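Descriptive analysis of the structure
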Amino acid sequence: MTDPSRGEDGAQPSSRPRPDGGATVSGDGADAPGRPAGYGSVPDRRPGALSRVTARLGRTAITGLIAATVVFLIAPVVITVAASFAREWTGLFPSGGFTLENWKQALGLAQTLGAQRGLGSVSLSLLGLSVTIPFATLVFSMALALGGVAINLVVGVPIAYAVTRYDFYGQGWLNTVAVLPVVPGIILGIAFLRTYSHLPSAVALVIGYSLLKAPYMVLAVQSSFESMDLRQIEESARSLGASWPRTFLTVILPNAKRGIVSGAIVCWTLAAAEFNFSYIVYSRGPKPFSLFLFENISNNPFLRVAAAVSIYFCIVVAVTALLQATGQRGFSIGGAR
Amino acid sequence: MTVQLANVTKEFGQTTAVDDVSLTVQQGETLGLVGPSGCGKTTTLRTAAGFETPTDGTVSIGGTDVTHVPPERRSVGLVFQSYALFDNMSVRENVEFGLKMRDVAADERAARARELLELLDIAELADRDPTTLSGGQQQRVGLARALAIEPEVLLLDEPMTGLDAKLKTRLQEEIGALLDDLDVTALYVTHDQSEAMVMCDRIAVMNDGRVEQVGSPDEVYERPANEFVADFVGTSNRLPATARDGRLDFGYATTAAPNGHEGEVTVVARPEAFRVGDGPFEATVRERFYLGEHVRAVADLPDGESVTLRVDPAEAPAAGEQVSLALQTDRVHVLSES
C-alpha cells in the first residue's frame, strides 16, 4: 500500500518548481524581444511550512474550532435548562432529581413570597365577576416588545425602501439616522421621563423599544431591497397594470420577506431583553420582560434564576418560530398567489 | 399601434438627457434605438413607457396623446436586461400577473399563460421558481409576461445584454421571428449595433441625446449620415480626401469618386470595400487576426493613417507584407465636410 502523501511528492519531481526558486522557463526569459527588462525575474511561489500544514490539516482544524466554539456557547444554555429542573445543585452536576418547583416559582404559580413578583395570573373584577387570566403579565410584556416591532415595520420598512430606491435631498442623513443606534437605552429612558412624564409606562416602553431597535429592522430590510433591482421590478409591475400601492404590497414587500422576518426577529429579541431603558421608564402596570428576568436573577437562588432564564429561552424560541411561520405564509396580500 | 414621439426633450437638472427627439414606430415594426451608453436611448424608452414625463414634447400611442398617462394605464409591455421577474411567484404566476391586474378570470389566465409559455418554448418551466432558471430562460419568462397583456407596444431595454454570445444569437433569431409573427410594435434599446441589425426593421442611432440617423440596417451601414454613425455602426475606415473632377485624391493615391462631390470630403470605407491585389493604395500590413471565417488585417497607408481590412483567409497577406489595395468605388460612402 502506498502512502498517498509520499506518492504525490515523489511522482513527478521534474514538474515541480526548482527548489532554489529560479525560473523554470529556460534561458530566453529576460532577453526575449518585446518583453520588459527584468521579465522572468519574479521567483515562483514556494509554499512555506505553515501553508503546507494548513493545506493538509485545514479542514480538520477549522471543523474542530467551530465545534469547540459551538460547545462553548451552548454549554451554559444546556446547563441552565438542566438546572432549572433540579432539586439541588451543590457539586459539579445537579442532584436531587427532577422538579417543576423552580419553574412554578419563577412563573409565580407557587404560593410563596415570590408570587407577586412573578409573571402570574391577573385577577380582574368585572361587573361583579372575578376573571383570572393566566400568565397575563407574561403575555403583556411580550406584547410590549411586539408593539415595538410593529412600529418598526410600519416606519422602518418604508424608510429602508425610500433610501434604497430613490435619490433625494437628505437621503444620506436619513439613512445615517435610521441605522445609527442613536442613543443608549439609559439616556433615551431619562430623556423620555423628562419629556413625556405623563405617558403611561406601556406606551413609553413600546415607543422606546421601536426607537432603540429601529436600526436592526432598517438594516435587515435594506439589505433585502438592495439585493433586488427595485426600480426594474417596480416598473415591470406597473407596466403590467399594477398601481403603485398594489405593486408595493404584492411584489416589493413579498420579495423583501427574508429581511423583514429576520429584522422582526432581531428587533423583538433585543426589545424583550432591553433592560436599561425598561428599568428607567417603567413605573407601574405589568412588568416588561427584562425586569422580570432581573428581579428573578438579582435576589434568588441559582435554580430559580435558571428557571427564569429558561422561560426566556422558551419564549424567544417560540416568538422566533411564530414570526418565521408568519413570514412563510403571510405575504400574499392580494398577490398572484 | 403607432408610437410617436414628437420633439421630446427630457432634462434632469442641468443635464439634457434627450434633446428634441422625434421618432415614429409604425404598427408591427421593431425600431432599434442604438448608441453608446449615456446617449439617452434608455431615457427615450422610459419616456415612451411613461416612467419619465418629458420636459417638452409629446408621446402618443395609436394617435392618442399619452404624455401624462401613468405607465399602468398605457398598455406597454416592458422587458429588462435584469429580467426583473417577481421571485415571490412561480413562472406561471409571473406570466399571469398582468392579466390578474386586469381582472381576467382565473381559467382564462391559465390558458393564456400556457399558450405563451408554449410559444416561448418554456412550457415545462411553468411551476418553477424564477430564481432557479438560467438567464436565457428568465428572459423568455420576462418576454412571455410582457406579451401576456397583449400590449399595444413592447419596450425592450437591452434584453440580451447579460447572455452569452451563442445563446444571444439564437434568442435574437427566435425572438426577432416571434415579434414579426405577432405583428408587435416594438422599441428595442441596445448598445450592440449588430444585435439591432438582426432584430430591428429600422434603427435610430442616438448620440448625446439626439437622433443622428434613422434608417433600415443597410441604409445606416452603407450610407451613414455622418462620421459618428459611420464610426458607431460597424467598423469603418474614414479617410480624408479631396474630390475633384469625379475623382478622389488621397494625396498618395487617387480613385474614381462615387458621385458628384467636390472639395474636402471624408471617405467612409468599410473593411470589405478594400480588395487586396492590384490597386493604387500601397500599404504595409501591421497586424493580422485570424477569425475563422475571415481575416482582419490592419495596414498602414503612406500618410500614416491605418485601415482595417477584411480578407478571405485564403488570400490574406502576412504581417509585415507590402500589399496593393484597390478601393471598390461602389462600396464607399462619401461625406462632404460641413
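Residues numbered from 1 in each chain as written. Chains lettered and ligands numbered in written order. Predicted model: local features only at pLDDT ≥ 70, side-chain atom pairs only at ≥ 80, totals over all residues. Heavy atoms only, no water.

**Some points on the overall build of chain A**
Helices and strands together make up the secondary structure of chain A, namely 13 helices and 4 strands. Counting across all 337 residues of chain A, residues that qualify as buried make up 36%. Pairs at least 24 residues apart make up 63% of the contacts formed inside chain A by residues separated by at least 6 positions. Surface accessibility of chain A: about 20200 Å² in total, with carbon and sulfur atoms responsible for 66%. (Helix = DSSP H or I, 4+ residues; strand = E, 2+ residues; numbered from the N terminus. Buried < 20%, exposed > 50% of the residue type's maximum accessible area, 1.4 Å probe, protein only. Contact = heavy atoms within 4.5 Å. Areas by Shrake-Rupley, 256 points an atom, 1.4 Å probe, with all protein chains shown as cover.)

**Overview of the environment of Met228(A)**
Residues and elements named next belong to chain A. Examined against the element boundaries, methionine 228 turns out to sit in the loop between α7 (201-226) and α8 (230-239). Given the relative accessible area of 14%, methionine 228 is considered buried. Methionine 228 sits 51 residues away from tyrosine 279 along the chain, and the two C-alpha atoms are 41 Å apart. For methionine 228, the contacting residues outside a window of four places in its chain are Ile233, Ile252, Asn255 and Ala256.

**Points about the sheet that holds strand β6 (residues 76-80) of chain B**
Residue and element names in this part refer to chain B. Within the open sheet, the 6 strands sit side by side as β6-β7-β8-β3-β9-β10. Their pairing is mixed. The open sheet is flanked by β6 and β10 (210-215), the only strands paired with a single partner. The sheet shows a mean angle of 20° between the axes of neighbouring strands, direction not considered. For strand β3 (residues 30-34) and strand β8 (residues 186-190), the ladder comprises 5 bridges, and the chain directions are parallel. Looking at β8, one finds that valine 34 is bridged to threonine 190. (Pairing = 2+ DSSP bridges. Axes fitted to C-alpha atoms, helices over the stretch in contact; angles between N-to-C directions.)

**What to know about the interface of chain B and chain A**
A common way to express how large an interface is: the accessible area buried when the components associate. Each partner contributes to the interface: chain B provides 25 residues, whereas chain A provides 23 residues. Together chain B and chain A conceal approximately 2200 Å² of surface at their shared face, both sides included; 55% is due to carbon and sulfur atoms. Among the residues of chain B in contact with chain A, Glu72(B), Asn88(B) and Met101(B) are the three that bury the most area, contributing 27% of the side total. Connecting chain B to chain A are 2 salt bridges. Between Glu72(B) and Arg238(A) there is a salt bridge, and its shortest N-O distance comes to 2.7 Å. Between the two partners, chain B and chain A, sit 9 residue pairs in polar contact (both at pLDDT 80 or more). When residues of the side of chain B that touches chain A are traced back to their parent elements, those giving at least two are β6, α2 (91-101) and α4 (135-148) of chain B. For the side of chain B that touches chain A, the element with the most residues is α2(B), which contributes 5 residues. (Buried area = accessible area lost by both parts, 1.4 Å probe. Salt bridge = Lys/Arg side-chain N within 4 Å of Asp/Glu carboxyl O. Polar contact = N/O pair within 3.5 Å; in protein donor to acceptor, adjacent residues only side chain to side chain.)

**Thoughts on unusual backbone geometry**
Residue and element names in this part refer to chain B. Despite not being glycine, serine 75 has its phi angle at roughly 60°, a positive value. Among the structural elements, serine 75 can be located in the loop between β5 (64-65) and β6. Phi at tyrosine 83 takes a positive value of approximately 65°, unusual for a residue other than glycine. In this fold, tyrosine 83 is placed in the loop between β6 and α2.

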